[in-house]
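One letter stands for each residue in the lines below.
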Amino acid sequence: MHLTKDEERILEGEYGESLRMMMSILVKIGEIYNADRLIPIASAQISGVSYNTIGDHGLHFLRSLRGVKVKVPTTLNPLAFDKRYVDLLKVSEEMLEKQGKIIKAYVNMGIRPTATCTPYYFDNIPKFGQHIAWAESSAVIYANSIIGARTNREGAVTALAAAIIGKAPNYGLHLEEERKATHIVALDFEPKGEEYPLVGLAIGERISGIPYLRITGDEDDFKLMGAAMAASGSIPMYHVEGYTPEYRNALNDDVERIFIERDELDYFREEIDVELIAIGCPHVSAVELRRIAEFVKNKKKKKDIELWVFAAKSVRQRFSEWVRIIEDFGAKVMEDTCVVVSNAGRLYRRIGTTSGKAAFYLSKEKFGGCEVVVKDLYTLLRSVVE
Ligand code: F3S
């Protein structure tokens, strides 16, 4: 891999041990994937933020990176709680203290303390064709597919290294030819409602590559579908004919075909007595927030079901009128956290959600041990209204 003189100096430790370590991570990754060089990036997005996820080792590692600053705008993934709801989320003293130290370590590096998996709405907006280094899988697939920015699925450490160096190894989805579809996914139905995330789960289970779909839907439908396929598989990008910006050049002759029948979508559909409805995995868009507000306005919430909505702080602040309507209804609109990385799945064991990704992680079969049902937004909202 070609390095510039300055990159070599960093690698030799001339600018200190922390920078040397960050550069050596990028170079190692680049060598593994046959990158020809490092390329400048426009932004980074860091996972590995919740103390629940990275623990003491992660905190120790972050604090060991003394004196380094990020070179590009960088934002964080959700953390373990919304500080306004520490009692409700049963956040321990230790968690409060350690999570605070993690955020402080990131802020000392110049990272914006906004903690969301949807930075693309307001906080960290990539443009078409820009190279970026993002880590959150749902944000990676959104940025590549819906925006047309270019990022591999970075890990927590590689995204941080890229943010600090301001560059990423030039391989994978940074290269035009690697962004082509590998599979055409044909459906025997036109998806609607909760079928988008369920189709996403099915694709993630069936293929490893870049799917090409001929379906219709809106941005939120595709956001939920993409997050689900990135969770159940390792899919970093998809194309939707007539919708995503790169679909025209996406098909090669050697593309494989797979077929998904409606009957196959039998995940998370069993009726359960839901205790918590969780919307916002990925964090809600302005449109989703407005739909919720309009639906619950002047209605009464059932006492035995909670409704929690998860949003980026920026979305929550900009659309405070809708937030007020939702909270007047008796629901919570939380920021900086989510149903998966907070204690929500320990406090409530029967959860209804619009999200295939949340269902995947919260379910009994995976880590969360919860009973989960996936339904479309309005079906869930109807079930929480008296
Ligand atoms: Fe975002 Fe948490 Fe879901 S990080 S994509 S809301 S699991």
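This is a predicted model, so every value here is computed, not measured.

**Focus: the overall build of the chain**
Consideration 1: Along the backbone of the chain there are 14 helices and 14 strands.
Consideration 2: Taking the principal axes of its C-alpha atoms as reference, the chain extends roughly 65 × 55 × 35 Å.
Consideration 3: Taking all 386 residues of the chain together, 60% fall into the buried category.
Consideration 4: Accessible area of the chain: about 16300 Å², with a carbon and sulfur share of 48%.
Consideration 5: A distance of 6 Å separates the average location of the 51 positive side-chain charges in the chain from that of its 55 negative side-chain charges.

**Topic: the sheet that holds strand β13 (residues 350–353)**
Consideration 1: Strand order in the open sheet made by the five strands is β12-β11-β10-β13-β14, with parallel pairing throughout. The open sheet has two edge strands with one neighbour each: β12 (332–335) and β14 (371–374). Ignoring strand direction, the axes of neighbouring strands in this sheet form an average angle of 25 degrees.
Consideration 2: Pairing of strand β10 (residues 276–279) with β13, which is carried by three bridges, proceeds in the parallel orientation. In the sheet register, L276 faces β13, and the bridge partner there is I351.
Consideration 3: Against the sheet, helix α11 (residues 320–329) makes contact with β11 (306–311) and β12, and its axis sits at roughly 130 degrees relative to β12, the strand it touches most.

**Observations regarding the pairing of strand β6 (residues 183–187)**
Consideration 1: In terms of burial, β6 is a largely internal element, four of the five residues being buried.
Consideration 2: For the handedness criterion, the β-α-β arrangement of β6, helix α7 (residues 195–206) and strand β7 (residues 211–213) is classed as right-handed.
Consideration 3: Relative to strand β9 (residues 256–260), β6 runs parallel, the two being bridged by five bridges. Across the sheet, residue I184 finds its bridge partner in β9, namely R257.

**Brief notes about the sheet that holds β7**
Consideration 1: Spatial strand order, β8-β7-β6-β9: four strands in an open sheet with parallel pairing. Each having just a single partner strand, β8 (239–240) and β9 make up the two edges of the open sheet.
Consideration 2: Pairing between β6 and β7: three bridges, direction parallel. Within β7, the position partnered with V185 by the bridge is L213.
Consideration 3: With respect to the sheet, α7 is in contact with β6, β7 and β9, its orientation differing from that of β9 by roughly 135 degrees.

**Description of the packing of aromatic side chains**
Consideration 1: Counted according to the given criterion, the structure contains ten aromatic pairs.
Consideration 2: Where Y196 meets F222, the ring centres are 6.1 Å apart and the plane angle is 85 degrees; that geometry is what we call edge-to-face. One end of the pair, Y196, is in helix α7; the other, F222, is in helix α8 (residues 219–232), with 26 residues separating them in the sequence.
Consideration 3: Given a relative accessible area of 5%, Y196 falls into the buried group.
Consideration 4: Connected via pairs of aromatic rings, a cluster forms that spans Y120, Y121 and Y142.
Consideration 5: Lying over the aromatic face of F295, K299 brings its terminal NZ or CZ to 4.3 Å of the ring centre.
Consideration 6: Over the ring of F122 we find R318, and its NZ or CZ is 3.8 Å from the ring centre.

**Notes on the packing of helix α3 (residues 51–64) against helix α4 (residues 93–108)**
Consideration 1: Across the interface, α3 lies against α4 with an axial gap of 10 Å and an inter-helix angle of 50 degrees. By the angle between their directions, the pair α3 and α4 is classed as oblique. The hand of the α3/α4 crossing is left-handed. Taking contact as the criterion, the partners of Y51, N52, I54, D56, L59, L62 and R63 in α3 are, on α4, E94, M95, K98, Q99, K101, I102, A105 and Y106.
Consideration 2: In terms of residue class, the contact of α3 with α4 is built from eight nonpolar, two polar and five charged.

**Looking at the site of the ligand**
Consideration 1: Around the ligand, a shell composed of P78, C117, E136, S138, G280, C281, P282, C338, V340 and K357 is seen.
Consideration 2: Within the shell around the ligand, the residues separate by chemical class into six nonpolar, two polar and two charged.
Consideration 3: Looking at the shell around the ligand, you find at least three residues from each of domain 1 (5–176) and domain 3 (276–384).

**With respect to the domain arrangement of the chain**
Consideration 1: Entries for the chain in the domain assignment read domain 1 (5–176), domain 2 (180–264) and domain 3 (276–384).
Consideration 2: Look at where the C-alpha atoms of domain 2 and domain 3 centre, and you get two points 25 Å apart.
Consideration 3: Each partner contributes to the interface: domain 2 provides 13 residues, whereas domain 3 provides 17 residues.
Consideration 4: Summing both sides of the interface, domain 2 and domain 3 together bury roughly 1100 Å²; the carbon and sulfur share of this comes to 64%.
Consideration 5: Residue E288 is joined to K223 by a salt bridge in which the shortest nitrogen-to-oxygen separation is 2.9 Å.
Consideration 6: Taken together, the links from domain 2 to domain 3 amount to five residue pairs in polar contact (both at pLDDT 80 or more).

Conventions and cut-offs
- Residues numbered from 1 in each chain as written.
- Predicted model: local features only at pLDDT ≥ 70, side-chain atom pairs only at ≥ 80, totals over all residues.
- Heavy atoms only, no water.
- Helix = DSSP H or I, 4+ residues; strand = E, 2+ residues; numbered from the N terminus.
- Buried < 20%, exposed > 50% of the residue type's maximum accessible area, 1.4 Å probe, protein only.
- Areas by Shrake-Rupley, 256 points an atom, 1.4 Å probe, with all protein chains shown as cover.
- Lys, Arg positive; Asp, Glu negative; His and termini not counted.
- Charge placed at Lys NZ, Arg CZ, Asp CG, Glu CD.
- Pairing = 2+ DSSP bridges.
- Axes fitted to C-alpha atoms, helices over the stretch in contact; angles between N-to-C directions.
- Contact = heavy atoms within 4.5 Å.
- Right-handed = clockwise from strand over helix to strand, strands pointing away.
- Phe/Tyr/Trp six-rings, centres within 6.5 Å; stacked < 30°, edge-to-face > 60°.
- Lys NZ or Arg CZ within 6 Å of the ring centre and 35° of its normal.
- Parallel < 35°, antiparallel > 145°, perpendicular 65-115°, else oblique.
- Left-handed = near helix turned anticlockwise from the far one by under 90°.
- Nonpolar A, V, L, I, M, F, W, Y, C, P; charged D, E, K, R; others polar.
- Near = heavy atom within 4 Å.
- Domains from an automatic or database assignment.
- Buried area = accessible area lost by both parts, 1.4 Å probe.
- Salt bridge = Lys/Arg side-chain N within 4 Å of Asp/Glu carboxyl O.
- Polar contact = N/O pair within 3.5 Å; in protein donor to acceptor, adjacent residues only side chain to side chain.

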